[in-house]
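# Tertiary structure, described
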Number of protein chains: 2
Amino acid sequence: MSEPDKSEDIPDEPAGKGIPNGGNAAKSKEDFDLASIYVSDAQYNRNIYFDTSPEAVKLYIRYNHWIPKVILFFFILVDLSLAIFEKPAVFPVPTLYTMLVELLCLLVFTLRLVHYAKVIPRDKFWKDPKNICIIVILLTVVDLIIYESLEAANCYAVRWSRVLRPLLLVNVTEGRQLRRAFRSIRNALPQIFYVFLLFMFSLLIFSLMALKLLGKRCGLKTIDGAPYFTNYLEIVFDLYVLVTTANSPDVMMPAYNASFVFAIFFILYILINTYIFMSVFLAVVYNNYKKYLKEEVRQLVRAKRHKMVRAFAVLQEQRAEGGEPVVSQANWNQIVKLVQPDISNAHRELLWSKVAFVQLADLLNIEVITLKSRPHPLQRACPAFYLSAPSRLLCRLVQHRAFVILYDLIILVNAVFIGLDEENPLIANSEWVFLALYLLEILLKLYVFEPRAFFSRHSFWNWFDTVIVISALIATVVNSAMTSSQNYTSRQILDIVFILRVLRLIRVVDSIKRFRAIINTLIRIGPAILTFGQLIIVVYYIFAMVGMELFKGKVRSFEDDSSDPTKAYCGNPLLKGTTFAQLNYCKNNFNNVVSSFILLVELTVVNQWHDILDGFAAVTHVSAKLFFILFHIMVVIVIINIFVAFVLEAFFVEYSVDKSDLQTSLEKKIEELELAVAQYTDSVGSVDQRKDTNFRHFNT
Amino acid sequence: MSEPDKSEDIPDEPAGKGIPNGGNAAKSKEDFDLASIYVSDAQYNRNIYFDTSPEAVKLYIRYNHWIPKVILFFFILVDLSLAIFEKPAVFPVPTLYTMLVELLCLLVFTLRLVHYAKVIPRDKFWKDPKNICIIVILLTVVDLIIYESLEAANCYAVRWSRVLRPLLLVNVTEGRQLRRAFRSIRNALPQIFYVFLLFMFSLLIFSLMALKLLGKRCGLKTIDGAPYFTNYLEIVFDLYVLVTTANSPDVMMPAYNASFVFAIFFILYILINTYIFMSVFLAVVYNNYKKYLKEEVRQLVRAKRHKMVRAFAVLQEQRAEGGEPVVSQANWNQIVKLVQPDISNAHRELLWSKVAFVQLADLLNIEVITLKSRPHPLQRACPAFYLSAPSRLLCRLVQHRAFVILYDLIILVNAVFIGLDEENPLIANSEWVFLALYLLEILLKLYVFEPRAFFSRHSFWNWFDTVIVISALIATVVNSAMTSSQNYTSRQILDIVFILRVLRLIRVVDSIKRFRAIINTLIRIGPAILTFGQLIIVVYYIFAMVGMELFKGKVRSFEDDSSDPTKAYCGNPLLKGTTFAQLNYCKNNFNNVVSSFILLVELTVVNQWHDILDGFAAVTHVSAKLFFILFHIMVVIVIINIFVAFVLEAFFVEYSVDKSDLQTSLEKKIEELELAVAQYTDSVGSVDQRKDTNFRHFNT
């Protein structure tokens, strides 16, 4: 049987091979396996068109197990990290070892692919675009062979397949969020392209005007004494850099020194190209990204519902002749246990009494906050003590607002002490006092609040506090132990102690309500920023690999105390007298993957990038600038704008929901879901309206 | 009688002193004056609570006449431009003259205020916040007297009231859009302030960490050999500058040269503070600005409707006993003629037949595009010729798509010719050919299209073409006349010729549909950008005045060919060896109002602003940096973000309407209005629902 594509409409009748549809027959283990896989696919938004035969289902359950997934990600990480050990390397290792590790990685990927191929129908497998992985693996093998033979023959060889590595991260089954992000970018590209063309047109027109107005002037000179604005291509490049503001106001100064009228030209240019066009880029990126993301989410909701239809079809039974099919509580319990083995009975009961079948998948993801009302373990262990008057007074004190204010004051005093010189023994010892105070605070809170509620998954600040204070305690103890025993202070441990000390201060923002709202929004977008981080790492990795092949060894960096005579020009005579060497940018090079990544971050920040560019153009060829301009367009104009759009959207959503903190997350989720379902039935029409009633089960 | 404040709700019954309510009595001239003033107030969104006595109404009509308004704006401009002639001056003029001119300006403003005071009720006048103008005028007079006496006594004197001048621009009756923008900013400030506090907290925490991690390191040095990151306040400043990316990657290089681990600190800092916080600023500004602007627009619609209620109340008559009050066509015609004397009969008829009374004010603003169907004047003058076969063929050719493509090709060839060296006589003469071709194009289009339709108000590109080509023709003729007669080429005229030549190329974007959409959006937000321009000029002016008092003469600029020995350090020994002097930034100074404005633009662009700051701090005091940081917060964080928010909003609106170009602007406006009215009645409730029917008049 064929699984519908997620873009297809849902068929009129729920299909299901070999399922005793509408009968009261007891469900077999295979039925439960199948139903549970549908539910957990819906729960985790998996879209795999697996074969529904019992063997394939068993394989599929194994495929989704967390162990093979962790192994896979580990080997992807290993494969990507190989760049650290391969030439040009941070830590050089013989090529043979890296190759063997790479082959091992490829083997793991192949095994995973074979597993995948057995799970889904043969015809689907070959059509799946994710199987670009196969091509990547094959190309890598080919590259390895070619490289090894060229090396053996002492020829010049390039490991070009390294550029393809990040594709594995994108195209594994679990990279679906990353794929979604890339798809959204791809869909937004045409619109961005038109604005970019218009922007380029404006750039070319302004450059032409600059050439006519300034180039033919009698002898304007740049600060280096070079002729000013005489070469059209150079003007275009200078004005492109001006859009990023990186060479403002230097590019303007010669003309401005000649007459202030020319400043108007540059101001107009900046207004149009830097302010208006860059805003238009943001608007276009934001608009398109949002539009396509919305569409993706809509499809996701549709696919999820479809999977729940299938799960229900597997489990349903007909109570009375002609009556509506329902799912019995026994079956419900079994399926919930299969999908989420560690669920509490209370939670399961709650789900059964409150929730329609179709909503199960979403609600399993929610942590129910019933823990709050649970009594403190000390109260159960020794009620006479815990409920005594002094104990109650302590609880009231800790929960009082003054307790928070007191600790905010302590943090403030701590901040001043950190700022002071730590060589002073009084101040060094004060650290122990502060540590004790913070520890006391955590213990008091644990005494007053139920520990499991205190350390619940969403209590970010409690986790933060505890981890920071305990690590600081350990680091401080280690540090003083080392200092007193060996009279030796480890700089690394001291650094960690300092960082932890300063991090503790952050806690103060949680006490201020206005700050908390902003911080909570930022914490909430955390996971999405991680997806974004993967995306940028993929792009950086590709550019780093290409950059290393193009520029490795062209610019050398030296230790600060090195006395190499070529140090002043980064070991390359071509850099003599360039701004690149003058600013001591030698360490901004492509000599290994770490330097490359840091350099790419600097290029993302954009400032001084023209100096870095000029440096690399000087040691290779002017056309090297194209590499950097391409990077700028891809990363700064497209990806950073998506990031900004993303933060904007998160805050707009935050401002529009605002005052709904009183609702429990369960209620909110139910509301959301119903909204989604209502929206969905609106779009699919009456067919589903009828089906919708099928899902309501009745308490027996 | 009291006029309701725009924030008040509309009273239940329309008030009107001495109006024969409900009678059929003929309307007096006073009635028409009053009604017309209500309608035109609604039309131009004026919110003046004028007295309704016939004398006050007459004065009010005169108050709204365009001549006194133009005179007022002229004198505001003169007042603001005085900065060019006052010390420190671009063109020095004796203090006496500028003072006399300023007194004249003050006299004009006072007269205008007296006129205003006579128009509105006494008690309203004294409560109007716009009358801050009176205080400004008084303070200016006081300042003039003090300054003059101090000057006479040869004491040091400061013209501090110059800072107040832009307030006049904001607080004149006609500055209401500017006031609205400022109000929106003021309302958004609290929210921005909280994010700013959090941002500052993050900055301080990172600085503390930098001090602990890097400051105590054994001897890190900056590129100048100064100690690196040892002073807390300097670290805070350096990291603040890093948020603007202006000192990236230089500020990181010493630490990065020591170890690449420190780069992680800076990357984290940039991620959090530059990317996330700056996006949050944009989000907060965008969200608040939009929210308050929406509220303002809602109030505007309400006030407009209220004025139309009043106008209707003045003009209404009762047709039948107990029937609904209506406005007769005769009265309607008279009021439309009064409000818009130059309206065509056809347009008036259209309004009468299509439009409810309440919508009149909005629809008078719309240019009806009935002109298109009008026959060409040549056709009326000489139909036999104009409708002959060759003439028709010509029309078809010009309207053909190939004609557009042909001219796009000509523009392209022209672009190449412009790029080539104009010293070549062949290329110099080709200019005449291109000019002739462009002129021919305009003439052909005028032959084919009706001239008034061709030059209608919204045909931006036709206007653009014609103005550019005709100016280019004139400039080129003048230029070659001068060259041939006196053998002398004026550089200024040649510049204009070049600019016009290049500008002609812009026309090509109009032929590409995708570009046209983007350009049209940009043209549509043009007027709003002008309001925005006024806003930024007000802020710049205030900062320029303060800056000139603080820093005038501290940095001197020299001509390029000057041989002054102090030229290398901008005439101030304190600047010896600073980056400011090395980069030849001498012309970036506060020595006159033009330099100040250009410098403020450079500071808005942000790049290298720390070098400029350091320069000014070197010649005065470290605290001078506060002036620049304040400017950065006000202009870059608040105002530029509003500008970006503004462009974003314009494009979002553009994308959401998209395919409605088929509608005429009239239909669209009607739709908009009805939307606004529906929204409005929803919020005001049933009282207005009833009144709403009052406005419908019937065709007699």
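Bear in mind the structure is a predicted one, so any value in this text is a computation, not a measurement. (Residues numbered from 1 in each chain as written. Chains lettered and ligands numbered in written order. Predicted model: local features only at pLDDT ≥ 70, side-chain atom pairs only at ≥ 80, totals over all residues. Heavy atoms only, no water.)

## Examining the overall build of chain A
What chain A contains, in helices and strands, is 30 helices and two strands. Within the span of chain A, comprising 700 residues, buried residues form 51% of the whole. For chain A, contacts bridging at least 24 residues in sequence account for 72% of all contacts bridging at least 6. Just so you have it, chain A exposes about 33,300 Å², and 65% of that area is on carbon and sulfur atoms. (Helix = DSSP H or I, 4+ residues; strand = E, 2+ residues; numbered from the N terminus. Buried < 20%, exposed > 50% of the residue type's maximum accessible area, 1.4 Å probe, protein only. Contact = heavy atoms within 4.5 Å. Areas by Shrake-Rupley, 256 points an atom, 1.4 Å probe, with all protein chains shown as cover.)

## Examining the relation of the copies chain B and chain A
Least-squares fitting of chain B to chain A yields an RMSD of 0.1 Å, with the transformation described by 0.0 Å of translation along the axis and a rotation of 180°. Classification of the inter-copy transformation places it as that of a two-fold axis. Most of the interface of chain B is mirrored in chain A: 100% of its interface residues are interface residues there too. (Least-squares fit on C-alpha atoms with pLDDT ≥ 70 in both.)

## A few points about a nonpolar patch on the surface
Residues and elements named next belong to chain A. On the surface, a cluster of nonpolar side chains totalling about 840 Å² of accessible area is made up of F85, F91, V93, L96, Y97, L100, L103, V141 and I145. Elements with a minimum of two residues in the nonpolar patch: α4 (95-119) and α6 (132-152). Relative to the elements of secondary structure, I145 occurs in helix α6. Residue I145 is classed as exposed on the basis of its relative accessible area of 55%. (Patch = residues over 30% accessible without salt bridge, like charges linked within 9 Å, V, L, I, M, F, W, Y side chains within 5 Å. Salt bridge = Lys/Arg side-chain N within 4 Å of Asp/Glu carboxyl O.)

## Description of the interface of chain B and chain A
Listed as interface residues are 86 residues of chain B and, on the opposing side, 86 residues of chain A. Roughly 8,400 Å² of surface becomes buried between chain B and chain A when both sides are summed, with 71% attributable to carbon and sulfur atoms. Put simply, chain B and chain A have zero salt bridges between them. Taken together, chain B and chain A are joined by 16 residue pairs in polar contact (both at pLDDT 80 or more). If you list the elements that add at least two residues to the side of chain B that touches chain A, you get α8 (176-215), α10 (253-258), α11 (261-315), α18 (401-419), α22 (491-505), α23 (513-524), α26 (593-605) and α28 (624-657) of chain B. Along the lines of polarity and charge, the residues of the side of chain B that touches chain A split into 58 nonpolar, 16 polar and 12 charged. (Buried area = accessible area lost by both parts, 1.4 Å probe. Polar contact = N/O pair within 3.5 Å; in protein donor to acceptor, adjacent residues only side chain to side chain. Nonpolar A, V, L, I, M, F, W, Y, C, P; charged D, E, K, R; others polar.)

## Looking at helix α11 (residues 261-315) of chain A
Here α11(A) contains 55 residues, and its C-alpha end-to-end distance of 80 Å stays within 8% of the 81 Å for a straight helix at 1.5 Å per residue. The element α11(A) is largely enclosed, with a buried count of 39 among its 55 residues. (Expected span 1.5 Å × (residues − 1).)

## A closer look at unusual backbone geometry
Residues and elements named next belong to chain A. Note the cis peptide between S248 and P249, where omega equals -5°. Relative to the assigned elements, P249 resides in the loop between α9 (232-243) and α10 (253-258). One non-glycine residue, N45, lies in positive phi territory at about 55°. On the accessibility criterion, N45 (22% relative accessible area) is partly exposed.

## Section: the state of the cysteines
Residues and elements named next belong to chain A. Under the defined criterion, the tally for this structure stands at two disulfides over all chains. The residue that forms a disulfide with C570 is C586, at a sulfur-sulfur distance of 2.1 Å. Between C570 and C586, the S-S dihedral sits near -70°, and the bridge is therefore left-handed. Of the two residues, C570 sits in the loop between α24 (526-551) and α25 (579-582) while C586 sits in the loop between α25 and α26 (593-605), which places them 16 residues apart along the sequence. Residue classification places C570 among the buried positions, given a relative accessible area of 0%. (Disulfide = S-S within 2.5 Å.)

## As for the nonpolar core
Nonpolar side chains tend toward joint burial in soluble globular proteins. Counting residues in each nonpolar core, the largest one holds 330 residues, and the members touching the most others are A:L214, A:F266, A:F616, B:F266 and B:F616. Dropping the residues within four chain positions of it, B:F616 is found in contact with B:F551, B:V555, B:F580, B:N588, B:N589, B:F590, B:L599, B:H621, B:A624 and B:F628. (Core = buried A, V, L, I, M, F, W, Y, C linked by side-chain atoms within 4.5 Å.)

## Topic: the pattern of salt bridges
Charged atoms that come close allow side chains of opposite charge to pair. This model, assessed by the stated rule, comprises 38 salt bridges over all chains. Taking the shortest distance from any N to any O, the salt bridge between B:R165 and B:E86 comes out at 2.7 Å. Of this pair, B:R165 sits in helix α7 (residues 165-171) while B:E86 sits in the loop between α3 (66-85) and α4 (95-119), and the two are 79 residues apart along the sequence. Accessibility classification places B:R165 together with B:E86 in one group, the buried group. Residues B:E549 and B:K552 are paired through a salt bridge, measuring 3.4 Å at the closest nitrogen-oxygen approach. Taking relative accessible area as the criterion, B:K552 reaches 31% and is therefore assigned partly exposed. Salt bridges sharing common partners tie together A:D79, A:E86, A:E102, A:D143, A:R159, A:R162, A:R165, A:E549 and A:K552.

## Topic: the packing of helix α8 (residues 176-215) of chain A against α9(A)
The angle between the axes and the distance between the axes are what describe a pair of packed helices. Residue and element names in this part refer to chain A. At a minimum axis separation of 9 Å, α8 and α9 run at an interaxial angle of 125°. Here α8 is positioned oblique relative to α9, judged by the angle of their axes. Both α8 and α9 take part in a crossing whose hand is right-handed. Between α8, through F199, L203, L204, F206, S207, L208, A210 and L211, and α9, the contact on the second element is made entirely by Y232, I235, V236, L239, Y240 and V243. Taken together, the residues of the contact of α8 with α9 break down into 13 nonpolar, one polar and no charged. (Axes fitted to C-alpha atoms, helices over the stretch in contact; angles between N-to-C directions. Parallel < 35°, antiparallel > 145°, perpendicular 65-115°, else oblique. Left-handed = near helix turned anticlockwise from the far one by under 90°.)

## Here's the deal with a positive patch on the surface
Side chains of A:R401, A:K513, A:R514 and A:R516 sit close together on the surface and give a patch of like positive charge. For the positive patch, the element with the most residues is helix α23 (residues 513-524) of chain A, which contributes three residues. (Lys, Arg positive; Asp, Glu negative; His and termini not counted. Charge placed at Lys NZ, Arg CZ, Asp CG, Glu CD.)

## Focus: the environment of A:V195
The residue A:V195 is located in helix α8 in this model. Taking relative accessible area as the criterion, A:V195 reaches 1% and is therefore assigned buried. When the C-alpha positions of A:V195 and A:F277 are compared, they lie 8.0 Å apart, and in sequence the two are 82 residues distant. Ignoring any residue separated from it by four or fewer positions in sequence, one finds A:V195 in contact with A:F277, A:V280, A:F281, A:V284 and B:I518.

## Quick notes on the side chain of B:E549
Residue and element names in this part refer to chain B. Along the chain, the position of E549 falls in helix α24 (residues 526-551). Within polar-contact distance, the side chain of E549 engages the side chain of K552 at 3.4 Å. Once residues within four sequence positions are removed from consideration, E549 is found in contact with Y156, V158, R159 and R162.

## What about the packing of aromatic side chains?
Here a ring pair, both rings aromatic, is described through the centre-centre distance and the interplanar angle of the planes. In total, this model carries 92 aromatic pairs over all chains according to the counting rule given. For the ring pair B:F455 and B:W463, a centre distance of 5.1 Å and an interplane angle of 50° mean the geometry is tilted. A relative accessible area of 40% places B:W463 in the partly exposed class. Members of the aromatic cluster, each reached through a chain of ring pairs, are A:Y540, A:F543, A:F551, A:F580, A:Y585, A:F590, A:F597, A:F616, A:F627, A:F628 and A:F631. When the ring centre of A:Y63 is taken as origin, the NZ or CZ atom of A:R112, which lies over that ring, is 3.7 Å away. Positioned above the aromatic ring of B:Y49 is the side chain of B:K124, whose terminal nitrogen or guanidinium carbon lies 5.2 Å from the ring centre. (Phe/Tyr/Trp six-rings, centres within 6.5 Å; stacked < 30°, edge-to-face > 60°. Lys NZ or Arg CZ within 6 Å of the ring centre and 35° of its normal.)

## Regarding the confidence of the model for chain A
Residues and elements named next belong to chain A. When pLDDT is averaged across chain A, the result is 80; 86% of the residues are at 70 or more. In this model residues 1-23 is a low-confidence stretch, pLDDT under 50, and it forms 45 contacts with partners more than four residues away in sequence or in other chains. With pLDDT under 50 throughout, residues 658-700 is counted as low confidence; its partners more than four residues away or in other chains account for 63 contacts. (pLDDT = per-residue confidence, 0-100.)

## Quick word on the packing of α9(A) against helix α27 (residues 609-619) of chain A
Residues and elements named next belong to chain A. Where α9 meets α27, the axes come as close as 10 Å, and the angle between the chain directions of the two elements is 145°. Residues F237, Y240 and V241 of α9 form the contact with α27, whose own contacting residues are W609, H610, L613 and D614. Here the residues of the contact of α9 with α27 sort into five nonpolar, one polar and one charged.

## Thoughts on the side chain of A:H610
Along the polypeptide, A:H610 turns up in helix α27. Classification of A:H610 as buried rests on a relative accessible area of 13%.

## Observations regarding the environment of B:S328
Position of B:S328 among the secondary structure elements: in the loop between β2 (325-326) and α12 (329-339). Between the C-alpha atom of B:S328 and that of B:E317, which follows or precedes it by 11 residues, the distance is 7.8 Å.

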